[in-house]
Amino acid sequence: MALLTRADGTPEWRRRTPRADLLVWAGWLGAVALTVACFQFISDRTIWAFVWDAPTQGADLVARMFPPRWSYASQLWKPLLDTINMATIGTALAILIGVPLAFLAAHNTTPSRLVVRPVVLFVIVASRSINSLIWALILVIILGPGMLAGILAIALRSVGFIAKLLYEAIEEIDATQVEAVTATGASRPQVLGWAIVPQVMPAFAGISVFRWDINIREATVLGLVGAGGIGMQMQASINVLAWPQVTTIFVLILATVLVSEWLSARVRHAVI
């Protein structure tokens with residue numbers, strides 16, 4: 001049976017044709033065969049002895065992580081502040097780059113739909129396609145370890161996110177306001193400033209704060225590849241098997257993420 005919709009919007013059940021039934025069953029059979037093949041592929045490359053022993057090893061690791069070494073927290077405040085600074089500066093840099101890209105990508109504000117818009121869309125997609133951890137790995141090789149690599153990694157990853165959401169907001173603005181301002185004889189920059197920007201400001205504020213909240217989380221792990229912040233302390237503690245210190249770091253990261261989530265929610269609620 002197939003569910004169709006009549007012209008008046010009411011649903012109607014109709015029996016499929018034999019050909020349609022065969023196609024549906026063939027599709028299900030193909031999906032089952034693909035699932036079995038994938039499971040076999042994964043199973044052949046899995047050391048099941050480790051899998052069966054995982055609960056025991058996990059319980060042993062958790063036992064080693066408690067109680068946390070709270071005295072170690074005094075050494076974490078500066079790396080934690082560095083992590084927050086990385087996220088904040090990286091987000092600000094992404095906003096400076098992403099906002100112009102958004103106006104160049106939106107079909108109703110781009111100077112050229114045939115040349116400029118496709119190029120800018122490619123840049124946005126390229127930025128969003130590469131994870132910040134990959135950017136950090138590349139930049140640490142080029143610039144060396146430190147916060148600069150982390151800041152640039154966050155910025156390069158965030159540019160595509162900010163530009164994409166913002167240009168979609170620009171394309172969804174009320175065109176009548178643009179027409180009204182244009183009818184007064186306003187120039188293109190005046191139309192942009194008086195008819196377009198005011199409409200997208202709430203979306204811009206929400207996008208910026210939301211991305212900063214995400215970057216707080218991402219900045220905590222960039223130190224694992226040498227990009228600065230509290231992640232470097234975590235990596236150092238893991239390397240020497242200091243699991244109580246790792247627990248302390250986890251607690252501080254969780255507290256930081258909760259505070260950033262609360263702040264971003266308050267700001268978005270106040271603006272939008």
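Basis of the calculations
Residues numbered from 1 in each chain as written. Predicted model: local features only at pLDDT ≥ 70, side-chain atom pairs only at ≥ 80, totals over all residues. Heavy atoms only, no water. Helix = DSSP H or I, 4+ residues; strand = E, 2+ residues; numbered from the N terminus. Rg over C-alpha atoms; globule rule 2.2 N^0.38 Å. Buried < 20%, exposed > 50% of the residue type's maximum accessible area, 1.4 Å probe, protein only. Contact = heavy atoms within 4.5 Å. Areas by Shrake-Rupley, 256 points an atom, 1.4 Å probe, with all protein chains shown as cover. Lys, Arg positive; Asp, Glu negative; His and termini not counted. Charge placed at Lys NZ, Arg CZ, Asp CG, Glu CD. Core = buried A, V, L, I, M, F, W, Y, C linked by side-chain atoms within 4.5 Å. Phe/Tyr/Trp six-rings, centres within 6.5 Å; stacked < 30°, edge-to-face > 60°. Patch = residues over 30% accessible without salt bridge, like charges linked within 9 Å, V, L, I, M, F, W, Y side chains within 5 Å. Salt bridge = Lys/Arg side-chain N within 4 Å of Asp/Glu carboxyl O. Axes fitted to C-alpha atoms, helices over the stretch in contact; angles between N-to-C directions. Parallel < 35°, antiparallel > 145°, perpendicular 65-115°, else oblique. Left-handed = near helix turned anticlockwise from the far one by under 90°. Nonpolar A, V, L, I, M, F, W, Y, C, P; charged D, E, K, R; others polar.

### Brief notes about the overall build of the chain
Assigned secondary structure in the chain consists of 10 helices and two strands. Its C-alpha atoms give the chain a radius of gyration of 26 Å, clearly above 19 Å, the size a compact globule of 272 residues would have. In the chain, buried positions account for 35% of the 272 residues. Considering only residue pairs separated by 6 or more positions, the chain has 70% of its internal contacts joining residues 24 or more positions apart. Of the roughly 16,400 Å² of accessible surface on the chain, a fraction of 71% belongs to carbon and sulfur atoms. A gap of 3 Å separates the mean positions of the 19 positive and 15 negative side-chain charges of the chain.

### What to know about the nonpolar core
By size, the foremost hydrophobic cluster in this structure holds 25 residues, and its most contacted members are Ile 124, Ile 162, Leu 166, Tyr 167, Ile 170, Val 178 and Ile 196. Going through the elements one at a time, helix 3 (77-105), helix 4 (116-129), helix 6 (147-171), helix 7 (175-183) and helix 8 (188-222) are the ones with two or more residues in this core. Per element, the largest residue contribution to this core is seven residues, and it comes from helix 6. Ignoring any residue separated from it by four or fewer positions in sequence, one finds Tyr 167 in contact with Ala 102, Ala 105, Ala 106, Arg 117, Leu 121 and Ile 124. In this structure, Ala 87, Ala 136, Val 140 and Ile 216 belong to the second largest nonpolar core, which totals 15 residues.

### Description of the packing of aromatic side chains
Scanning the model with the defined rule gives two aromatic pairs in all. Measuring from ring centre to ring centre gives 5.5 Å for Trp 48 and Trp 52, while their planes differ by 25°; the resulting arrangement is stacked. With Trp 48 and Trp 52 both in helix 2 (residues 48-65) and four residues apart, the pair spans about one turn of that helix. On the basis of relative accessibility, which here comes to 33%, the residue Trp 48 falls in the partly exposed class. Judged by its relative accessible area of 63%, Trp 52 falls in the exposed class. Summarising the aromatic geometry, the rings of Phe 161 and Phe 210 are spaced 5.9 Å apart at their centres and angled 50° between planes, so their arrangement reads as tilted. Highlighted residues: Phe 161 in helix 6 and Phe 210 in helix 8, separated in sequence by 49 residues. The exposure class assigned to Phe 161 is buried, which follows from its relative accessible area of 17%.

### So, a nonpolar patch on the surface
Nonpolar side chains collect at one region of the surface, where Ile 134, Leu 137, Ile 138, Ile 141, Ile 142, Leu 143 and Leu 148 lie side by side and expose about 690 Å² of accessible area between them. Broken down by element, the nonpolar patch gets its largest block of residues, six residues, from helix 5 (residues 132-143). Among the structural elements, Leu 143 can be located in helix 5.

### Comments concerning the packing of helix 3 against helix 6
Between helix 3 and helix 6, the shortest axis-to-axis distance is 6 Å and the interhelical angle comes to 40°. In terms of their interaxial angle, helix 3 and helix 6 are classed as oblique. Taken as a pair, helix 3 and helix 6 cross one another with a handedness that is right-handed. Of the residues assigned to the contact of helix 3 with helix 6, the class counts are 23 nonpolar, six polar and two charged.

### Quick word on unusual backbone geometry
Residues apart from glycine generally show negative phi values, whereas peptide bonds are mostly found in trans. With an omega of 0°, the peptide bond running from Phe 66 to Pro 67 counts as cis. Its location among the elements puts Pro 67 in the loop between helix 2 and helix 3.

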